[in-house]
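# Tertiary structure, described
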Amino acid sequence: MPDPSEHPWRQARQALAETDPRAKCRRVGLLGAAIERGDWLPSSPPSSSGLTCGRPAEPELVAPGRLKKRGLGSVEGRQALIHAIAHIEFNAINLGLDAALRFRGMPDSYYRDWISVAVDEARHFMMLSDRLEQLGIHYGAFAAHNGLWEMAERTAHD
């Protein structure tokens, strides 16, 4: 876990690079708490070079057309739906962190807002992940696609 005395931009980079979803959520929560306490007033991040988006080994990422269709009339179908939403939330954590880290020279409110987005998405992810565990599976149990992050990479320049 991050040392609270570390500079928040370093903490944000580490949160983005974190591969364990629960640890990523904890890191993001610490960033959000620092902003809420007023311990950190954002300014431009030092550089967006070398940003790494950490992902767990699971879920397997496949083309959207390769995802298995499941009806909501079965337990597996409901698990798959919750898993898909959890995956969207996980991607949204990374997208919020990336938006905060990638662009320099924005108003402080821009950075606060994107970190706040990441905090909200981490909270949503944890609720869904906990629900998956109640249903007897874990995040990563079903394949998913990487479309949201791929679009972020294609538009990273703007």
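Anything mentioned here points back to the structure above.
Presented here is an overview of the structure given in this document. (Residues numbered from 1 in each chain as written. Predicted model: local features only at pLDDT ≥ 70, side-chain atom pairs only at ≥ 80, totals over all residues. Heavy atoms only, no water.)

### A short note on the overall build of the protein
Within the protein one finds 5 helices and 0 strands. Since a compact globule built from 158 residues should have a radius of gyration of about 15 Å, the 16 Å found for the protein is in line with a globular shape. For the C-alpha atoms alone, the extent of the protein along its principal axes is close to 50 × 30 × 25 Å. A buried classification covers 42% of the 158 residues belonging to the protein. Working note: accessible area of the protein is about 8,400 Å², and carbon and sulfur atoms make up 55% of it. Both charge centroids of the protein, one from 19 positive and one from 20 negative side chains, sit 4 Å from each other. (Helix = DSSP H or I, 4+ residues; strand = E, 2+ residues; numbered from the N terminus. Rg over C-alpha atoms; globule rule 2.2 N^0.38 Å. Buried < 20%, exposed > 50% of the residue type's maximum accessible area, 1.4 Å probe, protein only. Areas by Shrake-Rupley, 256 points an atom, 1.4 Å probe, with all protein chains shown as cover. Lys, Arg positive; Asp, Glu negative; His and termini not counted. Charge placed at Lys NZ, Arg CZ, Asp CG, Glu CD.)

### Quick look at the packing of aromatic side chains
Per the stated rule, a full pass over the model turns up 6 aromatic pairs. A centroid spacing of 5.4 Å and a plane angle of 80° characterise the contact between W9 and Y111, whose relative ring orientation is edge-to-face. Of the two residues, W9 is situated in helix 1 (residues 8–17) and Y111 in helix 4 (residues 108–134); the sequence distance between them amounts to 102 residues. Y111 shares its class with W9; the two are buried. With centroids separated by 6.4 Å and ring planes inclined at 65°, the aromatic side chains of Y110 and W114 adopt a geometry described as edge-to-face. With a gap of 4 residues between them, Y110 and W114 both fall in helix 4, about one helical turn apart. Three or more aromatic residues joined by ring pairs form one cluster here, namely W9, Y110, Y111 and W114. (Phe/Tyr/Trp six-rings, centres within 6.5 Å; stacked < 30°, edge-to-face > 60°.)

### Re the pattern of salt bridges
One pass over the structure, following the stated rule, counts 5 salt bridges. Between R27 and E18 there is a salt bridge whose closest N-O contact spans 3.0 Å. Close ionic contact of R123 with D120 constitutes a salt bridge, the shortest N to O distance being 3.5 Å. Within this pair, R123 and its partner D120 are both found in helix 4, separated by 3 residues, close to a single helical turn. A relative accessible area of 45% places R123 in the partly exposed class. Here D120 falls in the partly exposed class, since its relative accessible area comes to 31%. (Salt bridge = Lys/Arg side-chain N within 4 Å of Asp/Glu carboxyl O.)

### Thoughts on the environment of H124
Residue placement: H124 occurs in helix 4. Looking at H124, the relative accessible area reads 24%, which means it is partly exposed. Note: C-alpha distance between H124 and Q14 (110 residues apart in sequence) is 20 Å.

### Describing the packing of helix 1 against helix 2 (residues 21–37)
How two helices pack is summed up by the angle between their axes together with the distance between the axes. Close contact between helix 1 and helix 2 brings their axes to 8 Å; oriented N to C, the two are set at 160°. Here helix 1 is positioned roughly antiparallel relative to helix 2, judged by the angle of their axes. Crossing hand, helix 1 versus helix 2: left-handed. Here helix 1 contributes P8, Q11, A12, Q14, A15, L16 and A17 to the contact with helix 2, which in turn contributes K24, R27, V28 and L31. Counted by class, the contact of helix 1 with helix 2 contains 7 nonpolar, 2 polar and 2 charged residues. (Axes fitted to C-alpha atoms, helices over the stretch in contact; angles between N-to-C directions. Parallel < 35°, antiparallel > 145°, perpendicular 65-115°, else oblique. Left-handed = near helix turned anticlockwise from the far one by under 90°. Contact = heavy atoms within 4.5 Å. Nonpolar A, V, L, I, M, F, W, Y, C, P; charged D, E, K, R; others polar.)

### A few points about the layout of surface pockets
There is about 390 Å³ of room inside the largest pocket. Taken together, 20 residues line the largest pocket, and the ones lying closest to its centre are L67, K68, A80, A84 and A143. (1 Å grid on protein atoms, 1.4 Å probe; cavity = no way out; pocket = protein on both sides within 12 Å on 5 of 7 lines; lining within 4 Å. Points joined across faces, edges and corners; volume = space filled by probe spheres on them.)

### Topic: unusual backbone geometry
The omega torsion across E58 and P59 is 10°, close enough to zero to call that bond cis. Looking at the secondary structure, you find P59 in the loop between helix 2 and helix 3 (75–102).

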